[in-house]
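Structural characterization, general
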Amino acid sequence: MKYKNWLLLTSLLMICLGTLVYMYFGDEIALRDSKVSSLWLSAIQTTPMTTASQDNTAHQRHKPLNCTVRLAAPGTFPLVALVSSPGSGNTWVRHLLQQATGFYTGSRYHDTKLAYRGYMGELQDPTLGTTLTMKTHKTSRRLDSLERNATAAIILIRNPFDVTITERNRVNSRSHVGMASWDINPQDEEWINNVKGKAKGYMTRPVSWIQSGLPYIVVHYENILEDKIREVKRMTAFLNVSAAVTKERIRCVENNTEGNFHRKYEDKEKMYALFTDDLKKTVIGYMKGLSEYLAKSEPIPWERCLNPLLGKIPNVSSIKPLYDTRFELPSKIHT
């Protein structure tokens with residue numbers, strides 16, 4: 001009984017003491033609590049918060065890129081020829097277009113080596129409309145059923161000096177990335193004829209398509225090297241697929257500009273040294289001939305075409321332009 005009374009008395013004393021403390025210090029405690037609450041609210045209001053949109057932007061920036069490439073549904077694309085001389089970088093341009101749009105490009109050649117390395121449009125029938133473009137090295141005067149179905153053309157041009165070297169490497173090594181032996185005599189007849197043939201083809205293919213009557217756009221390989229994104233946007237605008245070129249797809253281009261078929265060169269000086277002064281004049285002559293067909297629409301970027309490794313360059317202004325007499329002369333086109 002005494003224990004219960006003592007417990008009751010202790011409880012009453014604690015209640016009284018708590019009341020007295022609140023009476024004397026309650027306002028101060030409340031003020032302190034209010035200050036803490038204000039500081040907390042102030043911190044919430046002044047600390048930058050990640051909104052839903054900001055959080056989504058950060059997520060987009062850090063998530064893995066979706067650079068997948070697919071075939072379009074049949075009938076999606078008209079047949080647009082991607083025309084070039086062999087060795088002009090056609091396969092590389094196809095890679096850039098695929099990265100930028102997410103759609104495969106096609107070809108008339110059905111190269112299984114390219115298909116095996118990711119160019120799945122290579123084995124498609126170009127007339128089905130499942131691929132963005134069709135690779136071809138044919139002139140418009142040697143068209144078969146495929147080229148006759150073309151509705152337009154992207155004409156890819158690369159200077160004949162680089163084309164000759166690149167194509168010789170491909171043919172002699174039997175590989176898109178291999179290297180040929182360059183232990184040859186610059187006076188060798190086969191070499192001289194090879195250079196002259198490539199120089200003439202450099203002019204003939206573009207001119208044949210320019211005079212075909214189809215809509216076309218001219219793209220210089222050297223301009224792509226200077227600004228890949230700018231030239232890719234030009235081509236995709238011509239193809240009417242600019243909507244597919246999103247910011248993410250541009251990042252796909254920037255993150256993988258080379259593709260699977262980039263050739264690594266060694267001892268380039270030895271290769272360029274094989275172009276004698278006479279061969280340089282012939283090559284530049286055909287370049288000047290083509291430049292007259294192009295007029296001012298897509299001028300040849302001379303400063304990027306004449307590689308310093310060529311050594312002394314003949315005076316370009318003194319070299320007469322060369323033409324292919326099978327085609328209408330540029331003087332008659334632009335008058």
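Everything here concerns the structure above.
Residues numbered from 1 in each chain as written. Predicted model: local features only at pLDDT ≥ 70, side-chain atom pairs only at ≥ 80, totals over all residues. Heavy atoms only, no water.

1. Quick notes on the overall build of the protein
What counts is decided by this rule: Helical segments are the DSSP runs of H or I of at least four residues, strand segments are the runs of E of at least two, and each set is numbered from the N terminus. By definition, residues are in contact when any of their heavy atoms lie within 4.5 Å. For the accessible areas, the method is Shrake-Rupley and the probe is 1.4 Å, while residue cover comes only from the protein chains on display.
A count of helices and strands for the protein gives 14 helices and 5 strands. Considering only contacts within the protein whose residues lie at least 6 apart along the sequence, 80% involve residues at least 24 apart. When the accessible surface of the protein is split by element, carbon and sulfur atoms take 55% of a total near 19,100 Å².

2. Notes on the nonpolar core
Formally: Think of a nonpolar core as a cluster: buried Ala, Val, Leu, Ile, Met, Phe, Trp, Tyr and Cys residues, connected wherever their side-chain atoms sit within 4.5 Å. Relative accessibility under 20% of the residue-type maximum defines a buried residue, over 50% an exposed one, and the middle range a partly exposed one, all with a 1.4 Å probe and only protein chains included.
Ranked by size, the top nonpolar core spans 39 residues in total, and within it F161 and F275 carry the most contacts. For this core, the elements supplying multiple residues, two or more each, are β1 (80-83), β4 (152-157), α6 (160-173), α7 (189-210), α11 (268-272) and α12 (277-294). Among the nonpolar cores identified, the runner-up in size contains 26 residues, and A72, L82, L156 and I250 belong to it.

3. Considering unusual backbone geometry
At H110, a position not held by glycine, the phi torsion is positive, near 55°. By the element assignment, H110 lies in the loop between β2 (106-107) and α4 (112-116). Even without glycine at this site, N240 takes up a positive phi of about 60°. Within the fold, N240 resides in the loop between α9 (228-238) and α10 (247-255). With a relative accessible area of 70%, N240 lands in the exposed category.

4. Here we look at α10
Put simply, the test is: Here, the arc refers to the directions that run from the helix axis to the C-beta atoms.
Burial in α10 covers these residues: R249, I250, C252 and V253. Down the axis of α10, the buried side of the element spans an arc of 150°, and every buried residue falls inside it. Summarising the geometry of α10, the exposed residues directed more than 90 degrees from the buried face are K247 and N255. The inward-facing, buried residues of α10 abut α3 (90-101) and α9.

5. Digging into the state of the cysteines
In a disulfide, the sulfur atoms of two cysteines are held together by a covalent bond. Where we set the bar: The term disulfide is used for any two cysteine sulfur atoms that are within 2.5 Å.
For the coordinates displayed, the defined rule picks out 1 disulfide. The disulfide that involves C67 links it to C252, with 2.0 Å between the sulfurs. Between C67 and C252 the sulfur-sulfur dihedral comes to about -95°; the bridge is accordingly left-handed. You can see C67 sitting in the loop between α2 (52-62) and β1 and its partner C252 sitting in helix α10, a full 185 residues away along the chain. A relative accessible area of 25% places C67 in the partly exposed class.

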